[in-house]
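Overview (structure and organization)
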Amino acid sequence: MLFSKNIEPMCSYCQRGKALEADTVLCIKKGIMAAGSSCPSFRYDPLKRVPPRPIAPDFSRLKDEDFQL
């Protein structure tokens, strides 16, 4: 599944909101809102959501023997 069905509503990735600054959003319905808040008129816009960065792999535990056939 590309998009999860249980995404927590946030104004930062709502169709009705436009980002003003890093922590504020201008909402068509409510006016200026905090980016982490939400309201009942939330409509999810998948293009506005930035997924978390993947965890970098830890290669320090590997040895040279792990890479030999």
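Read on for an overview of the structure. (Residues numbered from 1 in each chain as written. Predicted model: local features only at pLDDT ≥ 70, side-chain atom pairs only at ≥ 80, totals over all residues. Heavy atoms only, no water.)

What to know about the nonpolar core
Formed by Cys11, Val25, Cys27, Met33 and Ala35, the largest nonpolar core amounts to 5 residues. In contact with Cys27, not counting residues within four places along its chain, are Arg16, Gly17 and Met33. (Core = buried A, V, L, I, M, F, W, Y, C linked by side-chain atoms within 4.5 Å. Buried < 20%, exposed > 50% of the residue type's maximum accessible area, 1.4 Å probe, protein only. Contact = heavy atoms within 4.5 Å.)

Side note on the pairing of strand E3 (residues 31-34)
Note: strand E2 (residues 24-27) against E3, 4 bridges, orientation antiparallel. Residue pairing across strands places Cys27 opposite Gly31, the latter belonging to E3. Adjacent in sequence and paired antiparallel, E2 and E3 are bridged by 3 residues. (Pairing = 2+ DSSP bridges. Helix = DSSP H or I, 4+ residues; strand = E, 2+ residues; numbered from the N terminus.)

Geometric descriptors of this kind do not, in isolation, establish any biological role.
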